[in-house]
Amino acid sequence: MMIAAVTFKLRAPWVHSLKEKRMIVQSLIVKLQNRFHVSAAEIDEQDIHQLIVIGTAAVVPHQALADSLMDEIFQFIEENTDAEVLDEIREIR
């Protein structure tokens, strides 16, 4: 058993308030949880309205599934938000 964790740092230059950011973040987190059955949360930069940092984690049986899941999540984020992906950090424990 392994834990696959991935952190995404996104930039949304059109966001002008924390309320607007919160709506985007919550929508993306719910979509991730429903589609991939992973734990997801905003984990950093909560007070900066144009930066979004989302972490996801899932328990997986082996390395190949972890890699596949993280690739699918990355592709899903790119397709479901207009925010630019600045950074992606993957961990498998």
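Notes on the structure follow. (Residues numbered from 1 in each chain as written. Predicted model: local features only at pLDDT ≥ 70, side-chain atom pairs only at ≥ 80, totals over all residues. Heavy atoms only, no water.)

A closer look at the overall build of the protein
- Helices and strands together make up the secondary structure of the protein, namely 2 helices and 4 strands.
- Secondary structure elements in the protein, listed N-terminal to C-terminal, are β-α-β-β-α-β.
- In terms of C-alpha radius of gyration, the protein reaches 13 Å, essentially the compact-globule figure of 12 Å for 93 residues.
- Expressed as a percentage of its 93 residues, the buried residues of the protein come to 33%.
- A separation of at least 24 residues holds for 70% of the contacts in the protein among residues at least 6 apart in sequence.
- In the form shown here, the protein has an accessible surface area of approximately 5500 Å², with 51% of it arising from carbon and sulfur atoms. (Helix = DSSP H or I, 4+ residues; strand = E, 2+ residues; numbered from the N terminus. Rg over C-alpha atoms; globule rule 2.2 N^0.38 Å. Buried < 20%, exposed > 50% of the residue type's maximum accessible area, 1.4 Å probe, protein only. Contact = heavy atoms within 4.5 Å. Areas by Shrake-Rupley, 256 points an atom, 1.4 Å probe, with all protein chains shown as cover.)

Some remarks on helix α1 (residues 18-36)
- Between its first and last C-alpha, α1 extends 26 Å over 19 residues, near the 27 Å set by a 1.5 Å rise per residue.
- By the burial criterion, the buried members of α1 are K21, V25, L28, I29, L32 and F36. Burial along α1 is one-sided: seen end-on, the buried residues are contained in an arc of 100 degrees. In this structure, α1 carries K19, M23 and N34 as exposed residues pointing more than 90 degrees from its buried face.
- Immediately downstream of α1, the backbone of H37 shows phi near 55 degrees, a positive value. (Expected span 1.5 Å × (residues − 1). Arc of directions from axis to C-beta.)

Considering helix α2 (residues 63-80)
- Taking 1.5 Å of rise per residue, the 18 residues of α2 would be expected to cover 26 Å, and the 26 Å separating its terminal C-alpha atoms lies within 8% of that figure.
- Here α2 has its buried residues at A66, L69, M70, I73, F76 and I77. Seen end-on, α2 carries its buried residues on one side only, within an arc spanning 125 degrees. In this structure, α2 carries A64 and E79 as exposed residues pointing more than 90 degrees from its buried face.

Digging into the sheet that holds strand β2 (residues 39-44)
- Strand order in this open sheet of 4 strands is β2-β3-β1-β4, and the pairing throughout is antiparallel. Two strands bound the open sheet, and with one partner strand each, they are β2 and β4 (84-92). Adjacent strand axes in the sheet meet at a mean angle of 20 degrees when their direction is disregarded.
- Here 5 bridges tie β2 to strand β3 (residues 51-60), and the two strands are oriented antiparallel to one another. (Pairing = 2+ DSSP bridges. Axes fitted to C-alpha atoms, helices over the stretch in contact; angles between N-to-C directions.)

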